[in-house]
Structures are given as structure tokens and as C-alpha cells.
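Structural overview
Chain by chain, the residues:
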Amino acid sequence: MLQDEAVHPADAPHTETPDPSTMRAHYRAEGLAESDLAASPYDQFARWFKDATVAGLHEPNAMVVSTADAAGRPSSRTVLLKGFDDRGFVFFTNYHSRKGRELTENPHISLLFPWHPLSRQVVVTGTAERIGRDETAAYFRTRPHGSQLGAWASEQSAPLSSREELERAYEELAARYPEGEQVPAPPHWGGYRVTAETVEFWQGRLNRLHDRLRYVRRTGSEAGGEVEGELEGGLEGEAAVEGEAAVEGEAGGGAGGGAVTWRVERLAP
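Because the structure is predicted, anything quoted here is derived from the model rather than measured.

Let's shift gears to the nonpolar core. Within the largest apolar cluster, 34 residues are counted, with the highest numbers of intra-cluster contacts made by Phe45, Phe89, Phe91, Leu111, Trp115 and Val122. Dropping the residues within four chain positions of it, Phe45 is found in contact with Leu81, Phe84, Phe89, Phe113, Trp115, Val122 and Phe201. Among the nonpolar cores identified, the runner-up in size contains twelve residues, and Ala151, Ala153, Leu173 and Val183 belong to it.

What follows is the structure, encoded as C-alpha cells:
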């Protein structure tokens with residue numbers, strides 16, 4: 001049987017531009033209750049990340065990274081998550097790129113994981129800081145040879161005179177570092193770790209009455225107050241009924257040191 005030949009969008013028959021106001025998806029997923037949550041947002045993220053991977057989502061580690069410069073002008077792009085644990089979420093990039101420059105001016109950052117087939121989103125806000133060079137070098141060694149060369153060849157976010165300029169730089173590097181030869185990590189390339197201040201888990205529901213549960217980081221004197229409805233590994237009781245509860249877990253000390261606790265609040269959709 002003959003396969004259909006792919007049609008490039010430019011060659012497709014002309015049609016009217018689709019009207020986005022008429023596009024609607026009806027969410028019918030099961031809900032997300034406070035009692036379903038893990039003790040820390042990182043543990044809860046691990047659960048949902050596994051669900052997204054098992055469901056076969058394309059690049060479930062793809063996330064929209066939003067930064068802003070010193071004047072508050074925002075920018076966004078899709079980046080791949082390359083690690084997470086109780087210390088935060090890790091990604092790698094060129095430090096001279098737009099996001100790298102903006103994070104130098106303003107370390108505040110947002111991550112968005114858009115898992116549309118599961119009617120789920122995860123939204124992280126926090127601050128980013130560079131990881132150590134040893135950790136960067138260890139990850140860089142796991143990258144495919146071509147990706148290693150690409151990290152050197154591309155002055156990310158800088159204007160190019162042509163595509164040929166980029167390919168010429170790559171070919172020169174390929175001649176210098178042939179396949180099988182170790183490529184050092186560029187000094188201007190490395191990782192960031194995002195320490196979360198809030199992590200929202202969004203579950204689509206019928207009639208747009210979505211579930212939105214947000215972990216909010218508490219440290220120091222804020223974490224020392226009296227807590228109602230606190231349970232290891234989940235939430236229930238009076239605090240959950242009131243729409244706000246607290247969970248305590250071994251989430252690591254982060255930049256401030258000491259134990260970290262989280263309160264959870266339910267947001268209106």
C-alpha cells in the first residue's frame with residue numbers, strides 16, 4: 001500500500017485562518033485532592049513525571065522556561081529538564097544566551113510543564129543559580145558528540161550573518177575534535193538549579209472547574225508556627241477543609257539551609 005506523501009504547510013491548499021475562539025477541549029479527568037499529595041512538591045512532581053513518561057508523552061521533560069531582565073521585560077523558551085531532586089530542577093544552557101544574561105541580572109524564574117494529553121500542568125516559580133563545574137562536566141560527557149560540538153559552535157542568541165556561518169563553525173570543530181575524541185565542556189556553558197518557592201499542580205476538570213493545588217515554601221520563623229492537619233505523605237483533616245494545609249518533608253535546606261516545610265493552598269480555577 002502506498003504511503004501518503006507528506007505535505008509541507010506552504011504547499012497545502014489555502015484555507016481560512018482557524019478561529020482560536022472556537023477551539024475548546026472538554027476535560028473529564030479525575031480530580032486532584034489534598035489527600036492525594038506527596039509530602040514535598042519534588043516527590044509529587046516525581047509521581048506526575050512518571051505518569052507522563054508511562055503515558056508516552058513526547059519529551060515529557062520539555063518545559064517552558066521564563067525569565068526577565070532587570071527592567072522586568074519577560075522572555076520564554078522551551079528547554080529540557082535534565083535532573084531534579086529535593087534541591088531543585090536542573091537544566092543546561094549557554095551562559096551568554098538571553099536567558100543566561102537575564103538570570104545574571106534577575107535570578108527569578110518560572111518553569112511550566114504542559115502535559116496536555118493528561119490535562120495536567122506543573123508550574124514552578126523560584127530562583128536559579130549556576131551549578132558547580134564538576135556537575136556540569138559530568139553531564140556534558142553524557143551528551144552525544146554532535147551536541148557537544150554544537151555547544152561550542154553556537155553563540156546562542158547572538159545574531160548570525162547566515163546559516164552557513166554556523167555550519168562552518170561546526171565543521172571546524174568537528175575537524176578539531178573527531179568522533180571518539182573527548183570534547184571539553186565550554187566555560188560559557190553549564191547548568192542552573194532552580195530552587196522552588198512555589199510549585200502548582202494543575203489538573204483539568206469538567207466545566208473548567210479545574211483543580212489547582214500549590215505548594216508554598218516555608219522556612220525560618222514562618223515554618224515554626226503551629227500547623228493544623230499536618231501529615232507525612234498527605235493532607236487531610238481540618239486544614240484541608242479550610243482550603244489550606246501544610247506538609248512537612250525532607251526537602252533539603254536549599255540556599256538558606258535548614259529543614260524546609262511546605263504549606264499547600266487550593267486556588268480558584
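Following the structure, the description resumes.
Now for the environment of Gly190. The topology assignment puts Gly190 in strand 7 (residues 189-203). Residue Gly190 is classed as buried on the basis of its relative accessible area of 0%. Gly190 sits 51 residues away from Tyr139 along the chain, and the two C-alpha atoms are 9.1 Å apart. Non-local contacts of Gly190, meaning those with residues more than four positions away in its chain, are made with Phe91, Phe92, Thr93, Tyr95, Arg133 and Thr136.

Right, let's talk about the pattern of salt bridges for a bit. In total, this model carries twelve salt bridges according to the counting rule given. Between Arg214 and Glu265 there is a salt bridge, with its nearest N and O atoms 2.4 Å apart. On the criterion of sequence distance, the pair formed by Arg214 in strand 8 (residues 211-218) and Glu265 in strand 12 (residues 261-266) is long-range, its members being 51 residues apart. Where salt bridges share partners, they join Glu34, Arg205, Asp211 and Arg266 into one cluster.

This brings us to helix 4 (residues 145-153). Each α-helix turn comprises 3.6 residues. Residues three or four places apart therefore point the same way. Among all positions in helix 4, only His145, Gln148, Leu149, Ala151 and Ala153 are buried. Buried residues in helix 4 make contact with helix 3 (133-140), helix 5 (163-176) and strand 7.

Moving on, we get to the packing of aromatic side chains. Within this structure, the stated rule accounts for 21 aromatic pairs. For the pair Phe49 and Trp115, a centre-to-centre distance of 6.4 Å together with 45 degrees between the ring planes defines the contact as tilted. Placement of Phe49 in helix 1 (residues 41-54) and of Trp115 in strand 5 (residues 108-115) is noted, with a sequence separation of 66 residues between them. Exposure class is identical for Phe49 and Trp115. Each is buried.

The next subject is the pairing of strand 6 (residues 120-130). Inspection of the sheet shows strand 5 paired to strand 6 by eight bridges, in the antiparallel sense. Residue pairing in the sheet places Ile109 in a bridge with Gly126 of strand 6. Where strand 5 folds back onto strand 6 in an antiparallel hairpin, the turn is made up of four residues, including Ser119, whose phi is positive at roughly 55 degrees.

Thresholds applied
Residues numbered from 1 in each chain as written. Predicted model: local features only at pLDDT ≥ 70, side-chain atom pairs only at ≥ 80, totals over all residues. Heavy atoms only, no water. Core = buried A, V, L, I, M, F, W, Y, C linked by side-chain atoms within 4.5 Å. Buried < 20%, exposed > 50% of the residue type's maximum accessible area, 1.4 Å probe, protein only. Contact = heavy atoms within 4.5 Å. Helix = DSSP H or I, 4+ residues; strand = E, 2+ residues; numbered from the N terminus. Salt bridge = Lys/Arg side-chain N within 4 Å of Asp/Glu carboxyl O. Phe/Tyr/Trp six-rings, centres within 6.5 Å; stacked < 30°, edge-to-face > 60°. Pairing = 2+ DSSP bridges.

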